[in-house]
Amino acid sequence: MIARLRLQPADVGLGMTGQRARDRLIEDLRAAGIADERVLNAIRTVPRHRFVDEALASRAYENNALPIGHGQTISQPYVVAKMTEALLAAAPTRVLEVGTGSGYQAAVLAALGLEVYTVERIGALLRTARKRLRALGLQVRSRHDDGRIGWPEEAPFDAILVTAAAPALVEALLEQLAPGGMLVAPVGPSAGQSLLRVQRQADGSCVQSDLGPVIFVPLLAGLVDR
Ligand code: SAH
């Protein structure tokens, strides 16, 4: 089920930021191996150009990461699709995202009808992301904090998605997974990160698989207020 979004004329027209640009992106994602129609539909529905600076809007439907300020990036659509596809395998209801950034990944999850919690360490990015999500009529709970501690008050989650890379899996996040829950996270040094998928079993043990090489900004400690 795709949530109903509050859209504007430029989001649905045929220009660089309209529906046709998104349809082309969907074809690129299909060609790259994304097969889950729910994921493709959510990406077709969410206007990605609203999650970048106006100056970059015309490039929003290229299959690339783009700068969002503060040294951070909005993830490549292919990576958003792949991570979303991986976590849907756990049939989640409640999802935690670590690293709100632009808010785009959270919007894709919310468009899928999931109950989304997201944590961001840079205050300015979080404030902008909140405004964008609200303008689209998407319900996302968010918090300004160091996401390496997860969101203990709201745990457990059916799925946790980490959108910044740590040297190793973060134990506190694995502990906030419900039985059967799925964590999807980039792990490793900036030169050699892998996207890992870890499913927590009923007995508390974890089964891990490697979804391939990725490039993410680092998961960092501490809060930035501005
Ligand atoms: N999911 C984002 C991708 C943003 S890039 C999007 O769709 O746009 C990764 C984000 O993780 C950055 O905004 C960065 O500030 C944030 N981040 C890095 N370390 C973090 C931490 N410890 N806690 C929360 N957010 C963190």
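Residues numbered from 1 in each chain as written. Predicted model: local features only at pLDDT ≥ 70, side-chain atom pairs only at ≥ 80, totals over all residues. Heavy atoms only, no water.

Explain helix H4 (residues 77–88) to me, and be specific about the residues and the numbers.
Spanning 12 residues, H4 covers 16 Å between terminal C-alpha atoms, matching the ideal 16 Å at 1.5 Å per step. Burial runs high along H4: 9 of the 12 residues are buried. (Helix = DSSP H or I, 4+ residues; strand = E, 2+ residues; numbered from the N terminus. Expected span 1.5 Å × (residues − 1). Buried < 20%, exposed > 50% of the residue type's maximum accessible area, 1.4 Å probe, protein only.)

Which residues make up the site of the ligand, and what values do they have?
Close to the ligand lie 26 residues; Glu97, Ser102, Glu120, Gly147 and Leu220 are nearest. Ser102 is positioned with one of its side-chain polar atoms (N or O) 2.6 Å from an oxygen atom of the ligand. At 2.8 Å, a side-chain N or O of Asp146 approaches a nitrogen atom of the ligand. For the ligand, the protein covers 100% of the area, taking 570 Å² as the surface of the free molecule. Examining the composition of the shell around the ligand, we find that 3 residues originate from one element, strand S2 (residues 72–74), more than from any other. Of the residues contributing to the shell around the ligand, the split by class is 10 nonpolar, 10 polar and 6 charged. (Near = heavy atom within 4 Å. Polar contact = N/O pair within 3.5 Å; in protein donor to acceptor, adjacent residues only side chain to side chain. Areas by Shrake-Rupley, 256 points an atom, 1.4 Å probe, with all protein chains shown as cover. Nonpolar A, V, L, I, M, F, W, Y, C, P; charged D, E, K, R; others polar.)

Give a detailed account of the nonpolar core, specifying residues and quantitative values.
The biggest cluster of nonpolar side chains holds 52 residues, and the ones touching the most others in it are Leu29, Ile43, Val46, Phe51, Leu87, Tyr104 and Leu114. Setting aside residues up to four positions removed in sequence, Val46 forms contacts with Leu5, Arg22, Phe51, Tyr61, Tyr104, Ala107, Val108 and Ala111. By size, the runner-up hydrophobic cluster in this structure holds 19 residues, among which are Val98, Tyr117, Val119 and Leu173. (Core = buried A, V, L, I, M, F, W, Y, C linked by side-chain atoms within 4.5 Å. Contact = heavy atoms within 4.5 Å.)

Requested: an account of the packing of helix H2 (residues 19–31) against helix H3 (residues 37–45), with residues and values cited.
H3 packs onto H2 with a crossing angle of 150 degrees between their chain directions and a minimal axis gap of 9 Å. As judged from the angle between their axes, H2 and H3 are roughly antiparallel. Relative to H3, the crossing made by H2 is right-handed. Contacts from Gln19, Arg22, Asp23, Leu25, Ile26, Leu29 and Arg30 of H2 reach H3 at Glu37, Leu40, Ile43, Arg44 and Thr45. Split into classes, the residues belonging to the contact of H2 with H3 amount to 5 nonpolar, 2 polar and 5 charged. (Axes fitted to C-alpha atoms, helices over the stretch in contact; angles between N-to-C directions. Parallel < 35°, antiparallel > 145°, perpendicular 65-115°, else oblique. Left-handed = near helix turned anticlockwise from the far one by under 90°.)

Before we move on, could you go through the sheet that holds strand S9 (residues 206–214) and cite the residues and values that matter?
Within the open sheet, the 7 strands sit side by side as S5-S4-S3-S6-S7-S8-S9. Their pairing is mixed. Looking at which strands have only one partner, the edges of the open sheet turn out to be strand S5 (140–144) and S9. Each adjacent strand pair in this sheet contributes to an overall mean axis angle of 15 degrees, direction not counted. Two elements, strand S8 (residues 193–200) and S9, share 7 bridges in a ladder whose sense is antiparallel. When the sheet's bridge partners are listed, Arg197 is paired in S9 with Ser209. (Pairing = 2+ DSSP bridges.)

Explain the pattern of salt bridges to me, using residue names and the numbers behind them.
Under the counting rule described, the total for this entry stands at 11 salt bridges. Arg148 is paired through a salt bridge with Asp146; the nearest N and O atoms lie 2.8 Å apart. The network of salt bridges with common partners includes Glu27, Arg30 and Glu37. (Salt bridge = Lys/Arg side-chain N within 4 Å of Asp/Glu carboxyl O.)

Quick rundown of the packing of aromatic side chains? Include the residues and the values.
Per the stated rule, a full pass over the model turns up 3 aromatic pairs. For the pair Phe51 and Tyr104, a centre-to-centre distance of 5.8 Å together with 70 degrees between the ring planes defines the contact as edge-to-face. A residue pair is termed long-range when its members are at least 10 positions apart, and Phe51 in the loop between H3 and strand S1 (66–69) and Tyr104 in helix H5 (residues 104–111) qualify at 53 residues. A relative accessible area of 0% means that Phe51 is categorised as buried. Geometrically, the ring pair formed by Tyr117 and Trp151 is edge-to-face, given 5.4 Å between the ring centres and 85 degrees between the ring planes. On the criterion of sequence distance, the pair formed by Tyr117 in strand S4 (residues 115–120) and Trp151 in the loop between S5 and strand S6 (157–162) is long-range, its members being 34 residues apart. (Phe/Tyr/Trp six-rings, centres within 6.5 Å; stacked < 30°, edge-to-face > 60°.)

Honestly, it's all geometry; don't read function into it.
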